[in-house]
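Given next are the chains, with one letter for each unit.
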2 protein chains.
Amino acid sequence: MKITFLGTSAGIPTKQRNVTAIAVQPHQQADWWLVDCGEGTQHQLLHTSLSLSRLTTIFITHLHGDHCYGLPGLLATRALQGGSQNIPLTLIGPAGIKALIEGICHHTQLYLNYPLTIIEVNSIPTTLTIDQHQIDVVPMEHNITSYGYLISPPDIPGHLDAAKAKALGIPPGPIYQQLKQGKQVILEDGREIDGSDLLSPTTPAPKVLIAGDNANPQQLLPWLKSVSLLIHESTLTEPELLRLATTIHHSTAAAVAKVANQAKLANLILTHFSARYRDSSNQGKLTINDIRQEASKHFHGQLFLAEDWQQYTLTTEGKLLLTQLIQKPNNTPAINC
Amino acid sequence: MKITFLGTSAGIPTKQRNVTAIAVQPHQQADWWLVDCGEGTQHQLLHTSLSLSRLTTIFITHLHGDHCYGLPGLLATRALQGGSQNIPLTLIGPAGIKALIEGICHHTQLYLNYPLTIIEVNSIPTTLTIDQHQIDVVPMEHNITSYGYLISPPDIPGHLDAAKAKALGIPPGPIYQQLKQGKQVILEDGREIDGSDLLSPTTPAPKVLIAGDNANPQQLLPWLKSVSLLIHESTLTEPELLRLATTIHHSTAAAVAKVANQAKLANLILTHFSARYRDSSNQGKLTINDIRQEASKHFHGQLFLAEDWQQYTLTTEGKLLLTQLIQKPNNTPAINC
């Protein structure tokens with residue numbers, strides 16, 4: 001599974017970071033999904049190889065603008081660009097998303113040339129099946145209805161025991177492909193072989209939980225038991241929360257890191273950073289590194305702080321690898337005057 | 001008056017051009033206005049010195065998404081950023097804009113910390129007065145209600161006839177400031193002097209018409225008589241329109257140029273180019289230069305083709321000057337893989 005961050009800033013965009021959107025490419029599939037769609041998501045996609053015509057499902061965690069104001073433009077561009085006509089798109093989100101989108105379509109006379117199915121999550125537990133993946137909707141704690149999406153890919157098929165097959169005298173050839181798929185085949189000598197007898201047991205694929213805005217990571221503990229990767233907001237650090245002395249309805253780096261450690265999580269990606277944290281070191285000012293330091297004090301697994309255009313690959317063994325799609329320093333245009 | 005193009009692409013954004021938005025800074029005013037607000041307008045503004053707290057009026061020409069989908073995010077960021085609290089904002093647009101914005105605010109729980117006044121233009125003629133400027137709403141021809149905004153700045157005050165003042169024996173000093181403003185003053189010797197008697201006549205300031213999407217530039221002729229600058233869409237060239245053989249509800253470069261020439265217009269800026277026209281020369285493909293060549297065949301005044309982050313200054317004498325705020329070649333991030 002590939003996971004590309006298209007926006008990692010909380011609330012407002014900055015020159016370096018757009019508001020939230022995450023592209024998910026399920027293992028061995030050309031189609032892809034989007035989790036959240038802040039304003040400018042379609043602009044960010046212009047710099048990737050992801051095509052809107054292959055986007056089949058959009059999950060919205062909650063209806064705050066920085067997570068959904070890019071939806072109308074993305075839906076419109078998918079209709080205006082060639083190649084998407086009649087290719088269905090499913091939009092999943094909290095109650096209200098249907099009326100929001102329908103109202104915008106009505107007032108701006110937006111007519112889509114593909115079927116758009118809008119699924120509102122009205123109660124928990126809700127479990128969906130999308131492209132053979134099980135999606136569990138996980139409740140978050142926020143000042144608007146907010147969800148996370150727990151993605152459970154289909155089990156990984158077992159490996160064919162080639163030695164055993166050879167011992168049975170099965171001749172080399174395309175028949176092995178069918179056996180690998182667990183199919184029953186009839187050999188030339190008339191013997192019936194059940195491919196599943198030659199396969200090692202299936203193994204569960206690594207699961208990913210992409211959380212929405214959430215002030216209470218502790219309540220995710222029961223969901224984290226079998227998860228290989230948690231992607232969670234980390235809007236502030238603890239000292240900054242103390243300084244603000246207010247309820248922010250968001251999580252600190254420490255709070256998420258503690259829960260991730262308690263769950264013995266292998267991989268944690270933090271994202272959705274307040275714009276007050278700068279990317280470059282800035283004399284006495286808050287930086288993203290403050291968030292990293294706070295989280296790494298409490299979490300001892302593999303920790304990443306997401307950046308725009310980072311692409312992570314979660315292998316079928318649950319290993320998380322990172323590629324930077326676009327070099328950051330070139331991202332800000334030179335200002336003449 | 002300064003005019004900054006924040007988006008010059010029609011329908012969909014490209015790597016080089018965002019969808020429509022134009023910032024207008026009236027002469028000698030720190031506050032500024034926005035005409036249209038396509039998705040990503042707030043992102044474009046990050047690269048200018050224009051502050052959202054000084055944005056006082058937004059004009060929307062029509063409710064197609066590429067002209068208004070940036071509104072919710074811009075309104076939200078104006079509330080989230082410091083400095084705008086209680087500073088009023090006026091939003092002017094076609095009927096439906098109030099329901100559109102109120103619906104989005106409701107479903108996404110967007111609460112603004114400043115007063116937002118929404119003015120719907122329900123009939124033509126409509127004339128508004130914004131910051132001492134007369135704004136005439138000009139009807140366009142499009143497949144949704146579309147307007148242009150004719151901006152008539154206040155008359156330019158006359159110059160003080162210093163020789164005449166000296167001849168009257170008025171002593172040098174701050175009194176001259178009051179005379180320049182046409183005020184009545186009493187001299188130390190008891191004489192009453194009326195400043196307006198010493199001023200040359202006021203002169204009308206150059207007018208600007210910023211048109212919305214429009215398939216019929218011919219109908220603008222009566223409005224163009226006293227206009228120094230027309231900003232108009234030029235979505236396609238004539239050969240491309242012929243090739244498409246369909247009704248596009250937009251103007252060709254030739255159609256706009258002919259009307260501008262007929263009106264003996266001094267300055268014409270074309271914008272809102274279909275994404276099929278590329279900025280760089282592209283073997284056999286359509287380029288922006290095709291639009292330029294078609295327009296310049298028919299229009300003999302000063303012609304510009306807008307680019308993102310171009311800033312034009314219209315002097316009080318009606319002269320149009322151009323500055324490029326951001327160098328284009330650095331605008332596209334380097335893609336690693």
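Small disclaimer: the values here were computed from a predicted structure and weren't measured.

How each quantity is defined
- Residues numbered from 1 in each chain as written.
- Chains lettered and ligands numbered in written order.
- Predicted model: local features only at pLDDT ≥ 70, side-chain atom pairs only at ≥ 80, totals over all residues.
- Heavy atoms only, no water.
- Least-squares fit on C-alpha atoms with pLDDT ≥ 70 in both.
- Contact = heavy atoms within 4.5 Å.
- UniProt positions renumbered as here; feature names shortened; annotations may be inferred.
- Helix = DSSP H or I, 4+ residues; strand = E, 2+ residues; numbered from the N terminus.
- Polar contact = N/O pair within 3.5 Å; in protein donor to acceptor, adjacent residues only side chain to side chain.
- Buried < 20%, exposed > 50% of the residue type's maximum accessible area, 1.4 Å probe, protein only.
- Salt bridge = Lys/Arg side-chain N within 4 Å of Asp/Glu carboxyl O.
- Buried area = accessible area lost by both parts, 1.4 Å probe.
- Nonpolar A, V, L, I, M, F, W, Y, C, P; charged D, E, K, R; others polar.
- Pairing = 2+ DSSP bridges.
- Axes fitted to C-alpha atoms, helices over the stretch in contact; angles between N-to-C directions.

Points about the relation of the copies chain B and chain A
Between chain B and chain A, the superposition needs a rotation of 180° and an axial shift of 0.1 Å, giving an RMSD of 0.1 Å. This pairing of chains is accounted for by a two-fold axis. Within chain B, the C-alpha atom positioned nearest to the axis of rotation is that of glycine 40 of chain B, 2.7 Å from it. The share of interface residues of chain B whose copies in chain A are also at the interface is 100%, consistent with both copies meeting through the same surface.

Let's talk about the UniProt feature "binding site: Zn(2+) 2" (unreviewed entry) in chain A
Residues and elements named next belong to chain A. The UniProt feature table records "binding site: Zn(2+) 2" (unreviewed entry) at Asp66, His67, Asp213 and His272. The largest pairwise C-alpha distance within this set of annotated residues, which runs over 207 residues, is 10.7 Å, so the set is compact in three dimensions. If you trace the backbone, aspartate 66 turns up in helix H2 (residues 65-68). Not counting residues up to four positions away in its chain, the partners in contact with aspartate 66 are Ala10, Gly11, Val19, Thr20, Gly38 and His272. Within the local environment of aspartate 66, its side chain forms a polar contact with the backbone nitrogen of glycine 11, the two atoms lying 2.8 Å apart. Relative to the assigned elements, histidine 67 resides in helix H2. Relative accessible area serves as the criterion here: at 2%, histidine 67 is assigned to the buried category. Sequence-distant contacts of histidine 67, defined by excluding residues within four places in its chain, comprise Thr20, Asp36, Cys37, Gly38, Ile60, Thr61, His62, Asp213 and His272.

What to know about the pattern of salt bridges
All names here are of chain A. Evaluation of the coordinates by the stated rule reveals 12 salt bridges over all chains. Across the salt bridge formed by glutamate 102 and lysine 98, the nearest N and O atoms sit 2.9 Å from each other. Here the residue glutamate 102 and the residue lysine 98 both occupy positions in helix H4 (residues 97-107), the gap between them amounting to four residues, near one helical turn. Assessed through its relative accessible area of 35%, lysine 98 is described here as partly exposed.

Digging into helix H3 (residues 71-80) of chain A
Across the 10 residues of H3 of chain A, nine count as buried, placing the element largely inside the fold. Those residues of H3 of chain A not exposed but buried are Leu71, Pro72, Gly73, Leu74, Leu75, Ala76, Thr77, Arg78 and Ala79 of chain A.

Side note on the interface of chain B and chain A
Facing the 50 residues of chain B at the interface are 50 residues of chain A. Across the chain B/chain A interface, buried area totals approximately 4000 Å², and carbon plus sulfur atoms make up 62% of it. Counting the contacts that link chain B with chain A gives zero salt bridges. Connecting chain B to chain A are 10 residue pairs in polar contact (both at pLDDT 80 or more). Contributions of two or more residues to the side of chain B that touches chain A are made by helix H1 (41-45), helix H2 (65-68), helix H3 (71-80), helix H4 (97-107) and strand E19 (320-324) of chain B. At six residues, the largest contribution of residues to the side of chain B that touches chain A is made by H3 of chain B. Taken together, the residues of the side of chain B that touches chain A break down into 22 nonpolar, 26 polar and two charged.

Topic: the sheet that holds strand E5 (residues 55-59) of chain A
Residue and element names in this part refer to chain A. Strand order across the open sheet formed by eight strands is E7-E6-E5-E4-E3-E1-E18-E19, with mixed pairing between neighbours. Edge positions in the sheet fall to strand E7 (116-121) and strand E19 (320-324), since each has one partner strand and no second. Each adjacent strand pair in this sheet contributes to an overall mean axis angle of 20°, direction not counted. The pairing of strand E3 (residues 21-25) with strand E4 (residues 32-37) spans four bridges and is classified as antiparallel. Directly across from alanine 23, in E4, lies its bridge partner leucine 34. Contacts from H3 reach E4, E5, strand E6 (89-94) and E7 within the one sheet, and its direction differs from that of E5 by about 170°. Set on the sheet, H4 makes contact with E6 and E7; between it and E7 the angle comes to about 145°.

Examining the UniProt feature "active site" (unreviewed entry) in chain A
All names here are of chain A. According to UniProt, the positions carrying the feature "active site" (unreviewed entry) are Asp66. Exposure remark for aspartate 66: the relative accessible area of 13% places this residue in the buried category. A polar contact of 3.5 Å, which involves the side chain of aspartate 66, links it to the side chain of histidine 67.

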